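Fold and geometry: a report
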Amino acid sequence: MPLNLLELKALNALELAPRLIGMKLLVGGVGGSIVETEAYLAEDPASHSFRGPRPRNAAMFGPSWHAYVYRSYGLHWCLNIVAEGAGAVLLRAIEPTEGLAEMRARRGSRVSLCNGPGRLAQALGITGAHNGLSLECQPFSIVDRSHAPEISSSTRIGISKATEQPWRFGFAGSRFVSRAFPKPGR
DNA sequence: CTAGGGATTGTCT
DNA sequence: GACAATCCCTAGG
């Protein structure tokens, strides 16, 4: 499906995060279907944009539908999609479908290719050089889903602030997520 | 200027 | 399940 960029660029992080589930993301022809995301809002203590513009988070205050890439724990890269309102959506897992050999080469032939933000970035060849780039241009290629999938949600992973917000989203039932989602409540 | 701590992952026990 | 690896932003003096 072609992208409705006008619609997508107007969404804030909390709206965009579930909207991205099921969309296909390729970087240099390598990638697959997005199955797990997390939303980070500007007024969110867990967000890098919470304390206002800084050199590191400048991309979050730029135009939406651009990449925000940061280094995590000094060694891993993490890829976000900037949303309206100085928020961003962290891409945590994709179901790899294109360029499997290249991903395995970058991942050192490890079994886990794209389940987790650091692994995903490594498998897709993302580095700080991609920070601030528009997702409308090479090497990025994004294709919309044809219909809305069933979405799971849970609290976000690895944060110490605003831990109760259920702002992690996933493709229901996918085995490619970084962590299983709790069963729907009853 | 220095100390503390991550939106993580791989390895070892 | 525990912990090291490793960079750099942030807070505080």
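Whatever comes next refers back to the structure up there.
Right, let's walk through the structure included here.

Reading the values: the criteria
Residues numbered from 1 in each chain as written. Chains lettered and ligands numbered in written order. Predicted model: local features only at pLDDT ≥ 70, side-chain atom pairs only at ≥ 80, totals over all residues. Heavy atoms only, no water. Core = buried A, V, L, I, M, F, W, Y, C linked by side-chain atoms within 4.5 Å. Buried < 20%, exposed > 50% of the residue type's maximum accessible area, 1.4 Å probe, protein only. Helix = DSSP H or I, 4+ residues; strand = E, 2+ residues; numbered from the N terminus. Contact = heavy atoms within 4.5 Å. Near = heavy atom within 4 Å. Polar contact = N/O pair within 3.5 Å; in protein donor to acceptor, adjacent residues only side chain to side chain. Nonpolar A, V, L, I, M, F, W, Y, C, P; charged D, E, K, R; others polar. Pairing = 2+ DSSP bridges. Salt bridge = Lys/Arg side-chain N within 4 Å of Asp/Glu carboxyl O.

**Overview of the nonpolar core**
Generally speaking, soluble globular proteins have nonpolar side chains that are buried together. Among the nonpolar cores identified, the biggest contains 36 residues, and Leu16, Leu20, Leu25, Trp65 and Leu124 are the most heavily contacted of them. At the level of elements, helix H2 (13-20), strand E1 (24-27), strand E2 (30-40), strand E3 (67-72), strand E4 (76-83), strand E5 (87-98), helix H4 (117-124) and strand E6 (140-143) are the ones that each hand at least two residues to this core. Each residue touching Leu25, except ones within four places of it in the same chain, is listed here: Val30, Gly31, Gly32, Ile34, Leu79, Leu91, Leu124, Phe140, Ser141 and Ile142.

**Comments concerning the protein's contact with DNA strand C**
Close contacts around DNA strand C come from Arg51, Arg54, Arg56, Arg71, Tyr73, Gly74 and Leu75, and that covers them all. One of the side-chain N or O atoms of Arg51 is found 2.8 Å from a phosphate oxygen in DNA strand C. Here a base oxygen of DNA strand C and a backbone polar atom of Tyr73 are 2.4 Å apart. Each residue belonging to the surface near DNA strand C can be placed in one class, and the counts come to two nonpolar, one polar and four charged.

**Examining H4**
Counting buried positions along H4 yields six of eight residues, so the element is predominantly enclosed. What H4 keeps buried is the set Pro117, Gly118, Leu120, Ala121, Ala123 and Leu124. Where H4 is buried, its residues contact E1, E2, E4, E5 and helix H3 (100-106). The positive-phi residue at the C-terminal boundary of H4 is Gly125, with phi of around 75°.

**Overview of the pairing of E6**
Where burial is concerned, the two faces of E6 differ: the one with Phe140 and Ile142 is buried and the one with Ser141 and Val143 is not. Of the strand pairs in this sheet, E1 and E6 are connected by four bridges, and their pairing is antiparallel. The partner of Leu26 across the bridge, within E6, is Ser141.

**Looking at the pattern of salt bridges**
Summed over all chains, the structure comprises nine salt bridges. Residues Arg19 and Glu7 are paired through a salt bridge, measuring 2.9 Å at the closest nitrogen-oxygen approach. Placement of Arg19 in helix H2 and of Glu7 in helix H1 (residues 5-9) is noted, with a sequence separation of 12 residues between them. Arg19 sits in the buried class, given a relative accessible area of 15%. On the accessibility criterion, Glu7 (30% relative accessible area) is partly exposed. Put simply, Arg92 and Glu38 hold a salt bridge, and the shortest N to O gap is 3.8 Å. Of this pair, Arg92 sits in strand E5 while Glu38 sits in strand E2; the two residues are 54 residues apart in sequence, bridging distant segments of the chain. Overlapping salt bridges, with partners in common, bring together Glu36, Glu38, Arg92 and Arg168 in one network.

**Observations concerning the pairing of E5**
With respect to burial, E5 is a largely interior element, nine of its 12 residues being buried. The sheet contact formed by E2 and E5 spans nine bridges and is antiparallel. Looking at E5, one finds that Ala39 is bridged to Val89. Inspection of the sheet shows E4 paired to E5 by four bridges, in the antiparallel sense. Bridged to Asn80 within E5 is Leu90. Two successive antiparallel strands, E4 and E5, enclose a turn made up of three residues, where Gly85 displays a positive phi of approximately 85°.

**Section: the protein's contact with DNA strand B**
Lining the immediate environment of DNA strand B, one finds 21 residues, of which Tyr70, His76, Asn80, Arg107 and Arg119 sit closest. Within 4 Å of the protein, the contacting atoms of DNA strand B are 62% sugar and phosphate, with bases supplying the remainder. Contact distances for DNA strand B include 3.5 Å between a phosphate oxygen and a backbone N or O atom of Gly116. At 3.4 Å, a backbone N or O of Gly158 approaches a phosphate oxygen of DNA strand B. Looking at the surface near DNA strand B, the elements with two or more residues in it are E3, E4, E5 and H4. Counting residues per element, the surface near DNA strand B draws most heavily on H4, which supplies three residues. Tallied by class, residues from the surface near DNA strand B come to nine nonpolar, eight polar and four charged.

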